[in-house]
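Residue strings, one per chain:
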Amino acid sequence: MILAQDAAGFFDIVFSGGWVGVAIVSLLAALSIAALALAVEHALSIRQSVLAPPGLADGVATRLTQGQLLGAAQACDLQPSVLATSLKAALAEADGGWGEVEKALEDTLSDQSARLFRKIEYLSVIANIAPMIGLLGTVVGMIFAFQEVASTQGAARASELASGIYQALVTTVGGLVVAIPALAAFALFRNRVDGCVSYTALEAQRALRPLKLMLTGRVKASG
């Protein structure tokens, strides 16, 4: 019963602001859903096991030890990922020497890292927009409150001002409720991207070590 009354009171506050109040609260609700969907998607896709599949580096290294450049590239095709993309780009420059291979690896990893950062940037955008939308609702609510004061020539009672002030507070709280988790999620995934990219770079260097030894003349190519 108490929960039903609280819910009814909340909706009364929201709808008291007319279509403007409803639009602002609806927009905040949409942003919260979008932030949650992004967080779930990032949690599933930004992982070491996804960006650098287990066994890929070992498989590529084994084939390179045997001098099988084509086989190493095919191994990358079987496990599409950031690591696979970086290794394929590096292997494609094998004819140019180790310097070209290393440069291709660094450039590709940099591009992939930038892509991942752009992917999580939407959480930061939501975290920055939500408080501003809440502030907009606050301003609208205060306008309604002062409009009531003006229409009554200063004789408005507190109960008559309450709806506008409530709306102002509700939208402010709503904006912060959306922004704080979104900003926390952005920081979490930013650190995760840094860690995953560093791990992927180490795996790529380990996979390409046989090729480095071959191209720098420390071992001879076979077959």
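Residues numbered from 1 in each chain as written. Predicted model: local features only at pLDDT ≥ 70, side-chain atom pairs only at ≥ 80, totals over all residues. Heavy atoms only, no water.

In the annotation of an unreviewed UniProt entry, the protein chain is listed under the name Biopolymer transport protein ExbB and assigned to Pirellulimonas nuda.

### Remarks on the overall build of the protein chain
As a reminder, the rule being used: Secondary structure counts use DSSP, requiring at least four H or I residues in a row for a helix and at least two E residues in a row for a strand, with both numbered from the N terminus. In this scheme, a residue with accessible area under 20% of its type's maximum is buried, one over 50% is exposed, and one in between is partly exposed, where area comes from a 1.4 Å probe on protein chains only. Contact between two residues is taken to exist if any of their heavy atoms lie within 4.5 Å; hydrogens are not considered. All accessible areas in this document rest on Shrake-Rupley with a 1.4 Å probe, and a residue is counted as covered only by the protein chains that are shown.
Counting its regular elements, the protein chain contains eight helices and zero strands. Shown N-terminal to C-terminal, the secondary structure of the protein chain runs as helices and strands in the order α-α-α-α-α-α-α-α. Counting over 223 residues, the protein chain shows a buried share of 38%. For the protein chain, long-range pairs separated by at least 24 residues make up 75% of all intrachain contacts whose partners lie at least 6 apart in sequence. For the protein chain, the exposed area adds up to about 12,500 Å²; of that, 65% sits on carbon and sulfur atoms.

### Quick word on helix α4 (residues 56-65)
The complete set of buried residues in α4 reads L56, A57, G59, V60, A61 and L64. Positive backbone phi, approximately 75°, marks G67, located one or two places after α4.

### Examining the pattern of salt bridges
The criterion, for reference: Definition used for salt bridges: Asp or Glu carboxyl oxygen within 4 Å of a side-chain nitrogen of Lys or Arg.
Under the definition given, this model contains five salt bridges. D58 is the salt-bridge partner of R206, the closest N and O atoms lying 2.5 Å from each other. Taken together, the positions of R206 in helix α8 (residues 158-215) and D58 in helix α4 put the pair 148 residues apart, joining distant regions of the chain. Given a relative accessible area of 38%, R206 falls into the partly exposed group. For D58, a relative accessible area of 40% gives the class partly exposed. Through salt bridges with shared partners, a single ionic network connects D58, E203 and R206.

### A look at the environment of D194
With respect to the helices and strands, D194 occurs in helix α8. Sequence-wise, D194 and F117 are 77 residues apart; in three dimensions their C-alpha atoms are separated by 9.1 Å.

### A closer look at helix α5 (residues 69-78)
Within α5 the residues assigned to the buried category are G71, A72, A73, A75 and C76. In this structure, the buried residues of α5 make contact with α4 and α6 (82-91).

### Comments concerning a nonpolar patch on the surface
Selection criterion: The residues that make up patches have over 30% relative accessible area and no salt bridge, and they are joined within 9 Å when like-charged or within 5 Å when they are Val, Leu, Ile, Met, Phe, Trp or Tyr.
On the surface, L36, V40 and L44 cluster together to form a nonpolar patch covering roughly 310 Å² of accessible area. Secondary-structure assignment places L36 in helix α2 (residues 18-45). Residue class for L36 comes out exposed when judged on its relative accessible area of 57%.

### Examining the environment of C76
With respect to the helices and strands, the residue C76 is situated in helix α5. Between the C-alpha atoms of C76 and S86, which are ten residues apart in sequence, the distance is 9.2 Å. Excluding its chain neighbours within four sequence positions, the residues that come into contact with C76 are L56, V60, A84, L87 and K88.

### A short note on the side chain of E203
Secondary-structure assignment places E203 in helix α8. For E203, a relative accessible area of 12% translates into the label buried. Those residues within four positions of E203 in sequence are excluded, and the remaining contacts are A57 and L83.

### Points about the packing of α5 against α6
The test is simple: Axes here mean lines fitted to C-alpha atoms, for a helix over just the part in contact, with angles spanning 0 to 180 degrees between N-to-C directions. An angle below 35 degrees is treated as roughly parallel, one above 145 as roughly antiparallel, one from 65 to 115 as roughly perpendicular, and anything else as oblique. Crossing chirality is assigned from the near helix's rotation relative to the far helix, an anticlockwise turn below a right angle marking it left-handed and a clockwise turn marking it right-handed.
Interhelical geometry of α5 versus α6 gives an angle of 155° and a closest axis separation of 9 Å. Regarding the angle of α5 to α6, the classification is roughly antiparallel. The crossing of α5 and α6 is left-handed. Counted together, L69, A72, A73, C76 and D77 of α5 and A84, L87, K88 and L91 of α6 form the full contact between these two elements.

### A look at the side chain of S81
With respect to the helices and strands, S81 occurs in the loop between α5 and α6. Residue S81 is classed as buried on the basis of its relative accessible area, which comes to 12%. Setting aside chain neighbours within four positions, we find S81 in contact with V50, L51, P53 and L56.

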